[in-house]
Structure formats: C-alpha cells, structure tokens
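Each chain, letter by letter, is given below.
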Amino acid sequence: MINETKHHALFGTEQPVALVTGSGAKHRLGQSIARDLARNGYRLVIHANRSATEAEQFVEELRSQGTDAIWQVADLSKQTEVEKIFEECQRAFGRLDALANCASIWERRELSEISDNDVRRHFEVNTLGTFLCCQIGGQIMVDQPSGGVIVNFGDWATRRPYEAYAAYFASKGAIPTITRDFAIELARRNPRIRVNAVLPGPVTLPDDLPSAARQAAIDSSLLKREGKPEHVVDATLFLLEHEYLTGVCLPVDGGRSIYAPTDHWR
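Asks: Could you give me a rundown of the overall build of the protein, with the residues and numbers involved?
Replies: Within the protein, the secondary structure is distributed over nine helices and seven strands. Relative to its length of 266 residues, the protein is compact, with a C-alpha radius of gyration of 18 Å against a globular reference of 18 Å. Relative to its full complement of 266 residues, the protein shows a buried share of 50%. The long-range fraction of contacts in the protein, counting pairs at least 24 apart against all pairs at least 6 apart in sequence, stands at 75%. A total accessible area of about 13000 Å² is found for the protein, and carbon and sulfur atoms account for 51% of it. Positive and negative charge centroids in the protein, built from 30 and 35 side chains respectively, lie 3 Å apart.

Here you go:
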C-alpha cells in the first residue's frame, strides 16, 4: 500500500486520479495495475480499444468495491480519440495524477512473413499510442500545480531481441527514448512531473504454454523462477510513489536483460 503521508505529499488531500490504457481487457497487465491502483485509493479511467463490454464490466466491478471509475473506448493511434479520453477524464474528475501506458500488441511472425501493415500496426499501438498519451496527458499535468506521474511500458528483450517478433521489438525499442524525452520536456514545463518506464520480462506466460518452453524461460533468468504480473504491478507503484526518480527505465525480468545462459541461444 502507498504510504499515506507520501500520498498526500504527491497528490494533496484530494483523491488522485489514474488513467490506465489497455486495462479494459481481462487477463492483461493493465487490468492488474488498475486493480492495485484502486486498492491504493485512486479514482480510475479504464481504457479499452475493442474490449468495450469487458471494460464496462470491470468498471462495474470496481464501483461495487467502492472505487470511483469510468471507462472509455479509443484507438490510441488517432489523436482525436486520444484527446477524447483525456477530455472525459477531466470532465469526470477534474484532474489527472497518474498515467500508465499499458496498451500494447505483441504478435509472433517470422521475419519473411512480416508485412508493412504488421510493422505499421505495431508502431501505431505501441509507439504512437504511447507518444500521444504522454503528449496529451502530459499537457494536463503541466497545467496542474501538483504535476503528475507517467509510467510507460517497454520490454526487457529490446536489449536482447529474439526471433519472430521483429515488428514488436522495433516498436517497443522506442519506449525508453520516449520516456527520457518526455521526462525532460514535461519537467522543464512543470518540475512536479515525472516520467519513468517499466521493462517487463516474461511475467504473463500463457497457461497452455508447453512445460518445456516454460522451464526454458525460467532457466533463462538469473533468479531461476517465473515472473508474475504482481512483480510489474509492484514496480509500477514504486515508480508512481518515488518522488525523486524520473527518466528511469526499470527492467523487471529476473535478470534476463543482463544474463544469457550458455546453453540457451537467447
């Protein structure tokens, strides 16, 4: 749980507001982060692209548990739609204290099969969507005396990419640069704004993943155990709370970004 004294120092006495992109769909990292923010006293804007029904159900669940929440559907590659979700956030709550840019696509495809549309789609969602949310949400924070915090989401494996995800890794490779750039741009306008990123490792392995593949992922980490969504959630909350960290890109990967076992090519 966030320390109440720090909570007030960061956001004042009014209940803070967080917008979490990609949080409408079940079994996604964004929803895990949104649940934790709700437990820590945030009011929430839940975003979905095509999972409108799931987003509405999630908001109903949050409200039943005492969290003030709304949901919005938007294509984050379109500036007018991004502007709309932030306008609705302002209309509903009058402020924006935290932005978690979790929306992402991740598609496996052999290099010889990747088309220009595949590359474009990954960049539109993973790169352009993150940029536009930082730009438009960041401007709201610039205009607030209390500023705000943005947490972006990259991927540990942009440091050591593996095959069959070239479009994905190219799009996620821009996230650290976007993070550092907006950390500078926004803090120069309002020094109470911080921008950081989490670089998750394999924390959401599919339930139907073959046991050999699961074990290979575990063996490829220094800590020799499987990651969980909670590890990324904890890192996100840490970056939201720590008032003297900005421009930081934090791997949450069990050491995979610095370690390559000799018996595994990746």
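Asks: Account for a nonpolar patch on the surface, with residues named and values stated.
Replies: Judged by side-chain polarity, Leu222, Leu223 and Ile258 come together as a nonpolar surface patch covering roughly 310 Å² of accessible area. Assignment of secondary structure puts Leu223 in the loop between α8 (211-219) and α9 (229-241).

Asks: Before we move on, could you go through the packing of helix α2 (residues 29-39) against helix α3 (residues 52-64) and cite the residues and values that matter?
Replies: Orientation of α2 relative to α3, taken along the N-to-C sense of each, is 20 degrees, at an axis distance of 11 Å. One finds that α2 runs roughly parallel with respect to α3. Our pair here, α2 against α3, has a crossing hand that is right-handed. Here Gln31, Ala34, Arg35 and Ala38 of α2 come into contact with α3, specifically with Phe58, Glu61 and Leu62.

Asks: Explain the nonpolar core to me, and be specific about the residues and the numbers.
Replies: Ile33, Leu37, Leu44, Ile46, Phe153, Val198 and Leu240 are the most contacted members of the largest nonpolar core, which totals 31 residues. Taken together, the elements giving at least two residues each to this core come down to β1 (17-21), α2, β2 (43-48), α3, β4 (98-101), β5 (148-153) and α9. Broken down by element, this core gets its largest block of residues, six residues, from α9. Apart from the residues lying within four places of it in its own chain, the contact partners of Val198 are Val151, Asn152, Phe153, Gly154, Val232, Ala235, Thr236, Leu239, Leu250 and Val252.

Asks: Quick rundown of the side chain of Ser220? Include the residues and the values.
Replies: You can see Ser220 is positioned in the loop between α8 and α9. The class for Ser220 is buried, based on a relative accessible area of 2%. Within the structure, the side chain of Ser220 is placed 2.8 Å from the backbone oxygen of Ala216, a separation counted as a polar contact.

Asks: Describe the sheet that holds β4, with residues and values.
Replies: Spatial strand order, β3-β2-β1-β4-β5-β6-β7: seven strands in an open sheet with parallel pairing. The sheet is open, and its two edges are formed by β3 (69-73) and β7 (249-252), each paired on a single side. For this sheet, the mean inter-axis angle between neighbouring strands, taken without regard to orientation, is 15 degrees. Inspection of the sheet shows β5 paired to strand β6 (residues 193-200) by six bridges, in the parallel sense. Note on β6: the bridge partner recorded for Gly148 is Ile193. The sheet strands contacting α9 are β4, β5, β6 and β7, and the helix crosses β6 at an angle near 165 degrees.

Asks: Provide a residue-level description of the environment of Val73, including the pertinent values.
Replies: By the element assignment, Val73 lies in strand β3. Of the residues examined, Val73 reaches a relative accessible area of 35% and is grouped as partly exposed. Through-space distance from the C-alpha of Val73 to that of Arg50 is 7.2 Å; in sequence the pair is 23 residues apart.

Asks: Could you give an account of the packing of helix α4 (residues 79-93) against helix α5 (residues 116-142), with specific residues and numbers?
Replies: Following both chains from N to C, one finds α4 and α5 inclined at 35 degrees, their axes separated by 10 Å at the closest point. Of the two possible hands of crossing, α4 and α5 adopt the one that is right-handed. On α5, the residues that touch Gln79, Val82, Glu83, Phe86 and Gln90 of α4 are Leu132, Cys133, Ile136, Gly137 and Ile140.

Asks: An account of the pattern of salt bridges is needed here, citing residue identities and associated values.
Replies: The final tally for this structure, using the stated rule, is 14 salt bridges. Residues Glu14 and Arg95 are paired through a salt bridge, measuring 2.9 Å at the closest nitrogen-oxygen approach. One end of the pair, Glu14, is in the loop between α1 (4-11) and β1; the other, Arg95, is in the loop between α4 and β4, and 81 residues separate them in sequence.

What counts, and where the lines are drawn
- The numbers attached to residues start from 1 for each chain and follow its sequence in the written order.
- Residue-level local features of this predicted model are given only where pLDDT is at least 70; pairs of side-chain atoms are given and counted only at 80 or more, and the full residue set underlies all totals for whole chains, interfaces and linings.
- The basis for every side-chain value is the complete set of heavy atoms in the structure, and neither hydrogens nor water enter the calculation.
- Numbering of helices and strands runs from the N terminus; a helix is a DSSP stretch of H or I covering at least four residues, while a strand is a stretch of E covering at least two.
- Each radius of gyration is computed over the set of C-alpha atoms, and the globule rule expresses the reference value as 2.2 Å times the number of residues to the power 0.38.
- Classification of residues uses two cut-offs on accessible area relative to the type maximum, computed with a 1.4 Å probe and protein chains only: under 20% is buried, over 50% is exposed, and between them is partly exposed.
- The contact criterion used is simple: two residues touch if any of their non-hydrogen atoms lie within 4.5 Å.
- Computed with a 1.4 Å probe, the accessible areas rest on the Shrake-Rupley method; for each residue, only the protein chains presented here act as cover.
- As used throughout, the charge tally considers Lys and Arg to be positive and Asp and Glu to be negative, leaving His and the chain termini uncounted.
- Here the site of a charge means atom NZ of a Lys, CZ of an Arg, CG of an Asp or CD of a Glu.
- What makes a patch is a set of residues exposed beyond 30% relative accessible area and free of salt bridges, joined within 9 Å when like-charged and within 5 Å when nonpolar (Val, Leu, Ile, Met, Phe, Trp, Tyr).
- By definition here, a salt bridge exists when the distance from a side-chain nitrogen of Lys or Arg to a carboxyl oxygen of Asp or Glu is within 4 Å.
- Only the contacting stretch of a helix is used when fitting its axis, a line to C-alpha atoms as for every element, and angles between N-to-C directions run 0 to 180 degrees.
- Working rule for angles: under 35 degrees goes down as roughly parallel, over 145 as roughly antiparallel, 65 to 115 as roughly perpendicular, anything else as oblique.
- The hand of a helix crossing depends on one turn: near helix anticlockwise from the far one by less than a right angle means left-handed, and clockwise means right-handed.
- Put simply, a nonpolar core is a bunch of buried Ala, Val, Leu, Ile, Met, Phe, Trp, Tyr and Cys residues held in one set by side-chain atoms that sit within 4.5 Å of each other.
- Polar contact is defined as a pair of N or O atoms within 3.5 Å, subject to the rule that within protein one atom must be able to donate a hydrogen and the other to accept it, and that residues adjacent in sequence are counted only when both atoms are side-chain atoms.
- At least two DSSP bridges between two strands are required for those strands to pair.

Any link to function would need more than the numbers given here.
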